[in-house]
Amino acid sequence: MGKTYERIDGRLRTFIEEQPVFFTATAPLSGDGTVNLSPKGLKGSFAVLDEHTVAYLDFAGSNAETVAHLRENGRITLMWCAFQGPPNIVRVHGRGEPVFRDDPRFPGLLARFPGIDTAAHGLRAIIVVHAELVRDTCGYAVPFMTYDADRDLHAKRFAREDDASLSAYFEKKEHVGTSLDGLPGLPLPLPPSPPTSPSAA
């Protein structure tokens, strides 16, 4: 039923770029550590960088488990499901890294996301994933569901924050600077945010 792909292109690329939501899974090296599974949305926050590399924007939130796990061991799996049209599930297994706002690579990566106003969402990092195994499976048991629109609550909550207040918000959260298992999470305080692209929507 499943097929392995050598690269992310053609119909496979089209499929994952069209999905309004995807999921990320990471875990610490410790056998009794906390496995993390997160949904990701917001139109324009995901990009295929090349045939073996994808990236997504890591925005403000109450935790930073993915960042912490990637800093420790780099393992990550991304998954997309077809909730409309023909059934399909695609997984990208690979190695990821968080690229933070003071990284010299950050401006170039940020330019790959012209369709979203990153200033409205408290951008923390860009997660870059290098694919090691790309597979699809049938998805026959995934239900049909319709996509209506992105929620506007995230932008309403974080658009009013500047760098200083965003750092203060993160520092008050127990599991942003440190993961649930005590691993280093988001480096704080945040470095200054990069200039917003004029083409951002």
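Residues numbered from 1 in each chain as written. Predicted model: local features only at pLDDT ≥ 70, side-chain atom pairs only at ≥ 80, totals over all residues. Heavy atoms only, no water.

A. Region of the structure containing the overall build of the protein chain. Helix and strand content of the protein chain: 5 helices and 8 strands. The secondary structure elements of the protein chain, listed N-terminal to C-terminal, are β-α-β-β-β-β-α-β-β-α-β-α-α. Judged by the C-alpha coordinates and their principal axes, the protein chain covers about 50 × 45 × 30 Å. Counting every position in the protein chain, which comprises 201 residues, the buried fraction comes to 44%. In the protein chain, the proportion of contacts linking residues at least 24 apart, taken out of those at least 6 apart, comes to 73%. (Helix = DSSP H or I, 4+ residues; strand = E, 2+ residues; numbered from the N terminus. Buried < 20%, exposed > 50% of the residue type's maximum accessible area, 1.4 Å probe, protein only. Contact = heavy atoms within 4.5 Å.)

B. Representation of the state of the cysteines in the model. In this structure the tally under the stated criterion is 0 disulfides. Of all cysteine sulfurs, the one in C138 lies closest to C81, which takes part in no disulfide; the gap is 11 Å. Accessibility expressed as a relative area gives 7% for C81, which makes it buried. (Disulfide = S-S within 2.5 Å.)

C. Highlighting the environment of L70. Its location among the elements puts L70 in helix α2 (residues 65–72). Along the sequence, L70 and G31 sit 39 residues apart, while their C-alpha atoms lie 16 Å from each other. Each residue touching L70, except ones within four places of it in the same chain, is listed here: T26, R75, I76, G96, E97, P98 and I127.

D. Up close: the nonpolar core. Counting residues in each nonpolar core, the largest one holds 32 residues, and the members touching the most others are I8, I16, F46, L78, W80, V92 and F170. When residues of this core are traced back to their parent elements, those giving at least two are α1 (10–18), β4 (46–50), β5 (53–58), α2, β6 (75–81), β7 (89–100), β8 (125–137) and α5 (163–172). Looking at this core element by element, the count peaks at 5 residues for β8. (Core = buried A, V, L, I, M, F, W, Y, C linked by side-chain atoms within 4.5 Å.)

E. Structural detail: the environment of K43. Assignment of secondary structure puts K43 in the loop between β3 (36–40) and β4. For K43, a relative accessible area of 69% translates into the label exposed. For the pair K43 and F113, spaced 70 residues apart in sequence, the C-alpha separation works out to 9.9 Å. Those residues within four positions of K43 in sequence are excluded, and the remaining contacts are G115, I116 and D150.

F. Local environment of the side chain of R124. By the secondary structure assignment, R124 is in the loop between α3 (106–110) and β8. The exposure class of R124 is buried, given its relative accessible area of 4%. Reaching out from R124, the side chain makes a polar contact with the backbone oxygen of N63 at a distance of 3.1 Å. Ignoring sequence-local partners within four residues, the contact set of R124 consists of D58, F59, A60, G61, N63, A64, F100, R101, F170, V176 and L186. (Polar contact = N/O pair within 3.5 Å; in protein donor to acceptor, adjacent residues only side chain to side chain.)

G. Quick peek at the packing of aromatic side chains. A full pass over the atoms with the stated rule returns 6 aromatic pairs. Centroid distance F46 to W80: 5.5 Å. Interplanar angle 70°. Geometry classified as edge-to-face. Of the two residues, F46 sits in strand β4 while W80 sits in strand β6, which places them 34 residues apart along the sequence. Of the residues examined, W80 reaches a relative accessible area of 0% and is grouped as buried. Members of the aromatic cluster, each reached through a chain of ring pairs, are F22, F46, Y56 and W80. Of note, R124 hangs over the ring of F170, and the distance from its end group to the ring centre comes to 5.5 Å. (Phe/Tyr/Trp six-rings, centres within 6.5 Å; stacked < 30°, edge-to-face > 60°. Lys NZ or Arg CZ within 6 Å of the ring centre and 35° of its normal.)

H. Representation of the pattern of salt bridges in the model. Within this structure, the stated rule accounts for 9 salt bridges. The salt bridge partner of E51 is R7, with a shortest N-O separation of 3.4 Å. Of this pair, E51 sits in the loop between β4 and β5 while R7 is found in the loop between β1 (3–5) and α1, placing the two residues 44 residues apart along the sequence. The residue R105 makes a salt bridge to E97 at a minimum N-O spacing of 3.0 Å. Among the residues examined, R105 registers a relative accessible area of 40% and is labelled partly exposed. By relative accessible area, which is 27% here, E97 ends up partly exposed. The network of salt bridges with shared partners includes E6, R7 and E51. (Salt bridge = Lys/Arg side-chain N within 4 Å of Asp/Glu carboxyl O.)

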